[in-house]
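The primary structure of each chain is shown beneath.
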Number of protein chains: 2
Amino acid sequence: MKRQIINDPGAAVTEALEGMQLCYPDLVSYDTDRELILRATPARDKVGLVSGGGSGHEPLHAGFVGRGMLDVAVPGAVFASPTALQVHEGTLAADSGRGVLQIVKNYTGDILNFTIAGELAGDHAVDTEMVVVDDDLATDTNDDGDGPGRRGTAAVVAVEKIAGARAELGGSLSEVADAARRVARTSRTMSLALQAGTHPGQDRPAFDLGPDEVELGVGIHGERGIDRVRFASADELAELLIKPLVEDLGLGRGSGVLAIVNGLGSAYPLELSIAARSVHQLLSARGITVARTLVGTYVTSLDMHGFSVTLVPADPDLLKLWDAPVRTPALSW
Amino acid sequence: MKRQIINDPGAAVTEALEGMQLCYPDLVSYDTDRELILRATPARDKVGLVSGGGSGHEPLHAGFVGRGMLDVAVPGAVFASPTALQVHEGTLAADSGRGVLQIVKNYTGDILNFTIAGELAGDHAVDTEMVVVDDDLATDTNDDGDGPGRRGTAAVVAVEKIAGARAELGGSLSEVADAARRVARTSRTMSLALQAGTHPGQDRPAFDLGPDEVELGVGIHGERGIDRVRFASADELAELLIKPLVEDLGLGRGSGVLAIVNGLGSAYPLELSIAARSVHQLLSARGITVARTLVGTYVTSLDMHGFSVTLVPADPDLLKLWDAPVRTPALSW
């Protein structure tokens, strides 16, 4: 068994959620009956925000519950969608009378269960809207909607932050949903790994890489990437992520972006700061302004060693919502 | 060479600091001439706080520069003290007319260079005081002051936070120094590693561990620990840290503490939340209240896989300063 700081592998998710509640009792509450993470003090008279999905991506989503972001997080088992019933309970719990926005990463199981939960919520006279986050450029196959489409990855943090701020400012359900969809529609992410993550209790990473190999376009559930490239410097690795992002988003001289430089699990702070420098310099050289940066470990794939870059085209309205106060276990300012 | 996300190993520290400035230009400024990290907007009319030491412990100390914590961080090379001249410049830069508190982890080189810098500051009519942080219980040899004493590790975050808050509230140099010394005197830390960190550009970790071994009482510069124990569950590993801390601090039923559960580099968020749960449960079972918890990756030893626990006996005065606003790259609320 690969050595990790855990007790029973099967209880790792539950225990981590218990740990979060014990550490931040003023911010979050863990409802073990309904398997939900809620704000310690529920919000009143605002559009509710619920997100969730498989675990193993900590601090996502439970770490983003709090003032200025989510009302409720619905955690599944590692890499497995929460049940429709669980999402249903979470959707109802997020409502304070003005409807609920469901923020869902684009995976078949999550979409299905959030859709069922949204329909059930209607039976309780709770209005819902859903925003699907599908930012992972590596899975963009231009299939005209026939395939599963792009996966949802780290852009979900930006969607949750922007929608959270809009809701806190008193937006209606459709206004909050519009703000969220705008971020989701315009965000793209590229990821790479020097080593895949290892499922708690297992011996081996999700896949093996040779000593000189890097997986480009990797997913956050142990999915393989689109290419295997040679190990290189931080600047060269960052360029492998930045080039396709800039091309796909049509960015150029005069563009402004919000950048998320995200550690995928075991990348350490020195590495992430160096990677963030590479990202800034590569964008700057193209005349693109990085208006805001979030650098740290926010959307992980267990202990994967690697990083992702998310770019969100930014205008003053978006930056104002980004800068709005937030207080959650994993993001505060 | 062990694969890390870096460019030139010799430039890793400088590039990481450049990265931090690029990501947080509203918070920090990197003065490459003087090799200092400064607040982007210098504070006025308050006691200045300067800290520093060898790098490789990111986000310490540069990540704690900002309102409510440090005014200046003085980074050395990886695991090497900054020079006396550099500390001198940092001490002067931290002064806004009310004197400067130097916060120094207990290592011979750091103490020497901060002492020289303090004496030189006197020549510039800048009052200084020094607080030495020596929290690492594993190095407590009861040698009556003849040896180097305990090392300084993660308690420095609490010292910087508390002193920073006291200074922000308008305390005099002696008041700020008293608050800092009280935290430093009463804090203790224990650490363990499943794998040592690897210096950028090197092939191997600082030391090797067998597949079933854990290093107990490890330092943050690749120093070996006091014992080698068998790998065990998170609960059992946490108990190895908690038991000596509780005994040394004389904690018992009715005590209250502030706990820092700190990742040493590559421990991933799921692990740290589980470890934090263990810490809470082990203290709670002894009747000790954890009044506040900081859990995350704050004081690292490069990519070491492990964690430390710091306990600080807490009273309402300390908690009020802990809860005071802070805005830095690595700590904000």
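Because the structure is predicted, anything quoted here is derived from the model rather than measured.

Visitor: Explanation requested: the side chain of S255 of chain A in the structure shown.
Guide: Residues and elements named next belong to chain A. Summarising the element assignment, S255 is placed in the loop between α6 (234-249) and β10 (256-263). Residue S255 is classed as buried on the basis of its relative accessible area, which comes to 17%. Those residues in contact with S255 that sit more than four places away from it in its chain are G287, I288 and T289.

Visitor: In this structure, what is going on with the sheet that holds strand β12 (residues 305-313) of chain B? I would like to understand it.
Guide: Within a beta sheet, neighbouring strands are joined by backbone hydrogen bonds and run either parallel or antiparallel to one another. Residues and elements named next belong to chain B. Judged by pairing direction, the sheet is mixed, and its six strands sit side by side in the order β9-β8-β7-β12-β10-β11 without closing on themselves. The open sheet has two free edges, formed respectively by β9 (227-230) and β11 (289-296), since each of these has just one partner strand. Taken over all neighbouring pairs, the strand axes of this sheet differ in orientation by 20° on average, direction set aside. Bridge analysis of strand β7 (residues 188-195) against β12 gives seven bridges, and the strand direction is antiparallel. Residue pairing across strands places R188 opposite L311, the latter belonging to β12. Most of the contacts of helix α6 (residues 234-249) go to β7, to which it runs at about 160°, and overall it touches β7, β8 (213-216), β9 and β12. Lying over the sheet, helix α7 (residues 269-284) contacts β10 (256-263), β11 and β12, oriented at roughly 155° with respect to β10.

Visitor: Help me understand the interface of chain B and chain A, please; the structure alone is not making it clear to me.
Guide: How large an interface is tends to be reported as the accessible area lost when its parts come together. Taken together, the contacts link 54 residues of chain B with 54 residues of chain A. The largest per-residue losses of area from chain B upon contact with chain A belong to R3, I5 and Y268 of chain B, which jointly make up 21% of the total buried on that side. Between chain B and chain A we count four salt bridges in total. The partner of R277 of chain B in a salt bridge is E18 of chain A, and the shortest N-O contact between them spans 2.5 Å.

Visitor: Can you help me understand a nonpolar patch on the surface in this one?
Guide: Together, L112, I116 and L120 of chain A make up a nonpolar patch on the protein surface, roughly 230 Å² of accessible area in all. Looking at the secondary structure, you find I116 of chain A in helix α3 (residues 108-123).

Visitor: I'm lost on the nonpolar core in this one. Help?
Guide: In summary, soluble globular proteins display a tendency toward joint burial of nonpolar side chains. Among the nonpolar cores identified, the biggest contains 105 residues, and L101, I103 and V157 of chain A together with L283, F307 and L311 of chain B are the most heavily contacted of them. Here this core takes nine residues from helix α4 (residues 155-168) of chain A, the largest share from any one element. If we ignore the near neighbours within four places in the chain, the residues touching L283 of chain B are I242, V246, V257, I288, V290 and L311 of chain B. Within the second largest apolar cluster, 104 residues are counted, among which are L17, I37, A167 and L294 of chain B.

Visitor: Honestly, the domain arrangement of chain A in this entry has me stumped. Any pointers?
Guide: Residue and element names in this part refer to chain A. According to the domain assignment, chain A contains domain 1 (9-186) and domain 2 (188-322). If you average the C-alpha positions of domain 1 and of domain 2, the two centres end up 23 Å apart. On the side of domain 2, 37 residues touch domain 1, which itself brings 34 residues to the contact. Looking only at domain 1, the three residues that lose the most surface to domain 2 are F79, L137 and T186, adding up to 20% of its buried area. One can count one salt bridge joining domain 1 with domain 2. Note that R182 and D315 form a salt bridge whose closest N and O atoms lie 2.1 Å from each other. For the interface between domain 1 and domain 2, the tally reads 14 residue pairs in polar contact (both at pLDDT 80 or more).

Visitor: Please explain the relation of the copies chain B and chain A as it appears in this structure.
Guide: Each of the two chain copies can be brought onto the other by rotation about an axis and movement along it. Mapping chain B onto chain A leaves a residual RMSD of 0.0 Å; the transformation is a rotation of 180° accompanied by 0.0 Å of translation along its axis. A rotation of that kind, with that shift, is consistent with a two-fold axis. Scanning chain B for the C-alpha nearest the rotation axis identifies S266 of chain B, at a separation of 2.1 Å.

Visitor: Looking at this structure, how should I read the packing of aromatic side chains?
Guide: Residue and element names in this part refer to chain A. Under the defined criterion, the tally for this structure stands at four aromatic pairs over all chains. Ring plane angle 35° and centroid distance 6.4 Å describe the contact between F64 and Y298, whose orientation is recorded as tilted. One end of the pair, F64, is in the loop between β3 (48-55) and β4 (72-78); the other, Y298, is in the loop between β11 (289-296) and β12 (305-313), with 234 residues separating them in the sequence. Residues F64 and Y298 agree in their burial class; the two are buried. The ring of F207 has R224 sitting right over it, with the charged end atom 4.6 Å from the ring centre.

Visitor: Explain unusual backbone geometry to me, please; I cannot follow it from the model alone.
Guide: With the exception of glycine, most residues fall at negative phi, and the peptide bonds are largely trans. Residue H61 of chain A is reached from L60 of chain A by a cis peptide bond, and omega for that bond is -15°. One can find H61 of chain A in the loop between β3 and β4. Even without a glycine there, the phi angle at D45 of chain B is positive, about 50°. On the secondary structure map, D45 of chain B appears in the loop between β2 (36-39) and β3 (48-55). Using a relative accessible area of 54% as the deciding quantity, one classes D45 of chain B as exposed. Phi at F79 of chain B is positive, roughly 60°, even though this residue is not glycine. Within the element layout of this structure, F79 of chain B appears in the loop between β4 (72-78) and α2 (84-94).

About the thresholds
- Residues numbered from 1 in each chain as written.
- Chains lettered and ligands numbered in written order.
- Predicted model: local features only at pLDDT ≥ 70, side-chain atom pairs only at ≥ 80, totals over all residues.
- Heavy atoms only, no water.
- Helix = DSSP H or I, 4+ residues; strand = E, 2+ residues; numbered from the N terminus.
- Buried < 20%, exposed > 50% of the residue type's maximum accessible area, 1.4 Å probe, protein only.
- Contact = heavy atoms within 4.5 Å.
- Pairing = 2+ DSSP bridges.
- Axes fitted to C-alpha atoms, helices over the stretch in contact; angles between N-to-C directions.
- Buried area = accessible area lost by both parts, 1.4 Å probe.
- Salt bridge = Lys/Arg side-chain N within 4 Å of Asp/Glu carboxyl O.
- Patch = residues over 30% accessible without salt bridge, like charges linked within 9 Å, V, L, I, M, F, W, Y side chains within 5 Å.
- Areas by Shrake-Rupley, 256 points an atom, 1.4 Å probe, with all protein chains shown as cover.
- Core = buried A, V, L, I, M, F, W, Y, C linked by side-chain atoms within 4.5 Å.
- Domains from an automatic or database assignment.
- Polar contact = N/O pair within 3.5 Å; in protein donor to acceptor, adjacent residues only side chain to side chain.
- Least-squares fit on C-alpha atoms with pLDDT ≥ 70 in both.
- Phe/Tyr/Trp six-rings, centres within 6.5 Å; stacked < 30°, edge-to-face > 60°.
- Lys NZ or Arg CZ within 6 Å of the ring centre and 35° of its normal.

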